Amino acid sequence: MSEESPSYSRVWGPIVHAMVQSGASGQEWAVLVALLRWQREGSNVLSMSVQTICKYTGLDEDTVRHRLSSLSKRCFVSAGGNEFPILEVIKPAGKGRTALYALCVPRLGPEDGSNMLTRKERVEWEKRHKDNGNA
């Protein structure tokens, strides 16, 4: 497929690897995919209201809130053996504001994600993460 359509989303291999490695539940996958669906190209910042996630996943609000919380606690193990979070809360929701999340799984590495975050990759990823204002 050369052109993306409104019904098509890309999820890069390292995300799949990190989610599988972390033992993520089906509901956590659904919430993350809903967030990824509207991710801006080249950005690791994800934002969507709980109500909108409910609409796309069919889950109730309490379940979505719990899955967002559990996703922020899920970690993947890097090639160097270190644990890194899959999702970080940048700004919590409140007073009519939607929460902002940072996707912490880098695009670097092979399609299967088996060599994620070598030392060099981590330095490069942290620099980009900081440059995007997410440090």
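Residues numbered from 1 in each chain as written. Predicted model: local features only at pLDDT ≥ 70, side-chain atom pairs only at ≥ 80, totals over all residues. Heavy atoms only, no water.

Peer 1: Quick question: what am I supposed to make of the packing of helix α3 (residues 50–57) against helix α4 (residues 61–73) here?
Peer 2: Relative orientation and spacing of two packed helices are given, respectively, by the angle between their axes and the distance between those axes. Remark: α3 packs on α4, axes separated minimally by 9 Å, with the N-to-C direction vectors making an angle of 105°. One element, α3, and the other, α4, form an angle in the roughly perpendicular class. Here V50, Q51, I53, C54 and T57 of α3 lie close against α4, whose contacting residues are E61, V64, R65 and L68. Its residues assigned to classes, the contact of α3 with α4 shows five nonpolar, two polar and two charged. (Axes fitted to C-alpha atoms, helices over the stretch in contact; angles between N-to-C directions. Helix = DSSP H or I, 4+ residues; strand = E, 2+ residues; numbered from the N terminus. Parallel < 35°, antiparallel > 145°, perpendicular 65-115°, else oblique. Contact = heavy atoms within 4.5 Å. Nonpolar A, V, L, I, M, F, W, Y, C, P; charged D, E, K, R; others polar.)

Peer 1: Whenever I open this one, the packing of helix α2 (residues 26–37) against α3 confuses me. Can you help?
Peer 2: Between α2 and α3, the least distance of the axes is 9 Å, while the angle of their chain directions is 110°. Accordingly, the angle class assigned to the pair α2 and α3 is roughly perpendicular. The way α2 lies across α3 gives a crossing that is right-handed. On the side of α2, the interface is formed by A30, V31, A34 and L35, while α3 contributes I53, Y56 and T57. (Left-handed = near helix turned anticlockwise from the far one by under 90°.)

Peer 1: Please explain the pattern of salt bridges as it appears in this structure.
Peer 2: Two side chains that carry opposite charge are able to pair once their charged atoms sit near each other. All chains considered together, the criterion is met by two salt bridges. Where R74 meets E28, a salt bridge forms, and the shortest distance between an N and an O atom there is 2.8 Å. Placement of R74 in the loop between α4 and β2 (75–77) and of E28 in helix α2 is noted, with a sequence separation of 46 residues between them. For E61, the salt bridge identified is with R65, shortest N-O distance 3.3 Å. In this pair, E61 and R65 are both assigned in helix α4, four residues apart and thus about one turn of the helix distant. A residue is classified by how much of its surface remains accessible, and R65, at 41% relative accessible area, is partly exposed. (Salt bridge = Lys/Arg side-chain N within 4 Å of Asp/Glu carboxyl O. Buried < 20%, exposed > 50% of the residue type's maximum accessible area, 1.4 Å probe, protein only.)

Peer 1: Got a minute to help me understand the environment of M48 in this structure?
Peer 2: Within the element layout of this structure, M48 appears in the loop between β1 (45–46) and α3. Classification of M48 by relative accessible area gives buried; the value is 8%. Considering only alpha carbons, one finds M48 and L100, 52 residues apart in sequence, at a separation of 7.8 Å. Excluding its chain neighbours within four sequence positions, the residues that come into contact with M48 are A34, L35, W38, I53, Y56, T98 and A99.

Peer 1: Hey, could you run me through α3 in this one?
Peer 2: When α3 is considered as a whole, its buried residues turn out to be V50, I53 and C54. For α3, the buried positions fall inside an angular range of 105° around the axis, keeping them on one side. Buried residues in α3 make contact with α2 and α4. (Arc of directions from axis to C-beta.)

Peer 1: Would you mind showing me how to read the nonpolar core here?
Peer 2: Looking at soluble globular proteins, one finds that nonpolar side chains tend to be buried together. The biggest cluster of nonpolar side chains holds 27 residues, and the ones touching the most others in it are I15, L32, L35, L46, I53, L68 and L103. Within the residue set of this core, elements represented by two or more residues are α1 (13–22), α2, α3, α4 and β5 (100–103). By residue number, the principal contributor to this core is α2, which donates five residues. The residues touching I15, leaving out its near neighbours within four places in the chain, are L32, L36, L103 and V105. (Core = buried A, V, L, I, M, F, W, Y, C linked by side-chain atoms within 4.5 Å.)

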